[in-house]
Amino acid sequence: MRSFLPSLFLAVGLATALSAAPQPGAVETKVLPLLVVKAAHLVDPATGRVLANQAVVIEGDRVKAVVAVADLAKIIPAGTSARVVDLGAATLLPGLIDCHTHVTSQPENFYEDIFRKSPIDEAVTAHLYARRTLEAGFTTIRNVGADNYIDFALRNAIEAGKIPGPRMLASGPALSATGGHGDLNGMSPYVHFAGNIDGIADGVDAVRKKVRENIKYGADVIKMLATAGVLSEEEAVGAPQYTQAEMNAIVDEAHLWGKRVAAHAHGTEGIKMAIRAGVTSVEHASFIDDEGIALAKEHGTWLVMDIYNDDYIMAEYGRLGYPDKILAKERLVGRTQRENFTKALKAGCKLAFGTDAGVYPHGWNAKQFHTMVVWGMTPMQAIQSATTTAADLLGWPDKVGQLAPGFYADLIAVSGDPLADVTVLEHVGFVMKGGQIVKNNLTAEPAERME
Ligand code: ARG
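Throughout what follows, the structure given in this document is the object of discussion. Predicted model only: the values in this text are computed from it and were never measured. (Residues numbered from 1 in each chain as written. Predicted model: local features only at pLDDT ≥ 70, side-chain atom pairs only at ≥ 80, totals over all residues. Heavy atoms only, no water.)

So, the sheet that holds strand 12 (residues 302-304)
Phase 1: Judged by pairing direction, the sheet is parallel, and its 5 strands sit side by side in the order 9-10-11-12-13 without closing on themselves. Strand pairing shows two members of the sheet lacking a second neighbour, strand 9 (221-225) and strand 13 (350-351), which therefore form its edges.
Phase 2: With 5 bridges joining them, strand 9 and strand 10 (residues 260-265) adopt parallel strand pairing. Residue pairing for strand 10: Lys223 is matched across the bridge by Ala262. (Pairing = 2+ DSSP bridges. Helix = DSSP H or I, 4+ residues; strand = E, 2+ residues; numbered from the N terminus.)

Below, the structure is given as structure tokens:
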């Protein structure tokens, strides 16, 4: 080891000095080829404007510049060759961000999912859902809740370039009280699943330990279940399931390790307890009241309201064998959550796009844009919630959510005008992640040479 470092430095020196004839094992310094993506329109969520005839100049995995096509020569020195992808009349946008997914799973049948499948079934199919999500234009997701650390393995494989998928922030198992939303309720007390790695923890010391354990194995963010939920068999949908002391401990511990906390909370009281504890975002926020809205504004807490999936649950979950108790809970939540979304929007809360995809099919993430517009957002606001606002929530405001110099070259394109009809985002024709084209249905011949 002692002799390794000096020889590495020497190799770098040689490669720079004699770049025409690099020594074996030397590090080459290469000029990266430029890639240009141009289109008739570009939505800039940072300014809320749409620009005409723009070109995004990409170097490696990053955006180097965004310029009017007419000014391209100013950015690309004469004599430099660059690959150009001309998307014609299409509209370019930054890659979309879903702040609330469960990308490792998708329900098929209530009892079969529980009793006939193991975590290995989930592990072998998760990559399909990751790919569908990416191909739907979601180049970044925050995955908030997956048992058995399957989300960490998925994220790592995507990061290593082994499988296609969105950039992922992953939480691992969601912290839950015994009998809470993250527990398996309603079964015989004799039913146990050996070896399942979940997020069950009770009491201040145990929740702190669970946060540490999640971080030890790879959590980017901590998810806690502050109140009861819909798709689990406990009684009330909104009852708090952690004490204030437990919520405070979870947030405090996460912050010690530099991590943010997302709190699942439907109930009025639990929402306020989570905000007071200092969580970064409240998920669902279904029964938020005026005081909760005021508290969220005061604390700068993001609300992530999954207002599309009620349609899917009510249409499909009976067929999937979900118990009536669960369907009855959804009936309580669906409409009120949408009304409270409008209230929170009017009050000026920070609303980040999060769908709970995994409750409904992966790849359908963009269906929520329409619901958001029906319930009061302008299409631009809905797009901002899934780009700039979402990037702020993730703590990546300088990495994703915008097409600007230094940001990841994550971009999508649609034919049609998403500001006139936001549903065109349900049919993304072109997806690039980190400078690599992962989908292109817009042009038959994507590549050409530019002098
Ligand atoms: N994962 C959530 C829960 O089980 C889904 C709630 C879906 N319903 C809704 N209206 N957002 O609580």
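Observations regarding the packing of helix 7 (residues 244-256) against helix 8 (residues 268-277)
Phase 1: The N-to-C vectors of helix 7 and helix 8 enclose an angle of 40°; their axes lie 8 Å apart at closest approach. If you check the angle between helix 7 and helix 8, you find them oblique. For the element pair helix 7 and helix 8, the recorded crossing hand is right-handed. In this structure, helix 7 contributes Gln244, Met247, Asn248 and Val251 to the contact, and helix 8 contributes Gly270, Met273, Ala274, Arg276 and Ala277.
Phase 2: By residue class, the composition of the contact of helix 7 with helix 8 is 5 nonpolar, 3 polar and 1 charged. (Axes fitted to C-alpha atoms, helices over the stretch in contact; angles between N-to-C directions. Parallel < 35°, antiparallel > 145°, perpendicular 65-115°, else oblique. Left-handed = near helix turned anticlockwise from the far one by under 90°. Contact = heavy atoms within 4.5 Å. Nonpolar A, V, L, I, M, F, W, Y, C, P; charged D, E, K, R; others polar.)

Looking at the site of the ligand
Phase 1: If you check the shell around the ligand, you find 14 residues, and the closest are Val230, Leu231, His266, Glu330 and Asp356.
Phase 2: Taking Glu330, its side chain carries an N or O atom lying 2.7 Å from a nitrogen atom of the ligand.
Phase 3: Contacts to the ligand include Asp356, whose side-chain N or O atom sits 2.8 Å from a nitrogen atom.
Phase 4: For the ligand, whose free accessible area comes to 340 Å², the fraction covered by protein is 97%.
Phase 5: Elements supplying a minimum of two residues to the shell around the ligand: helix 10 (309-316) and helix 11 (324-347).
Phase 6: If you tally residues by element for the shell around the ligand, the top one is helix 11, at 3 residues. (Near = heavy atom within 4 Å. Polar contact = N/O pair within 3.5 Å; in protein donor to acceptor, adjacent residues only side chain to side chain. Areas by Shrake-Rupley, 256 points an atom, 1.4 Å probe, with all protein chains shown as cover.)

Distances and angles like these do not, on their own, reveal function.
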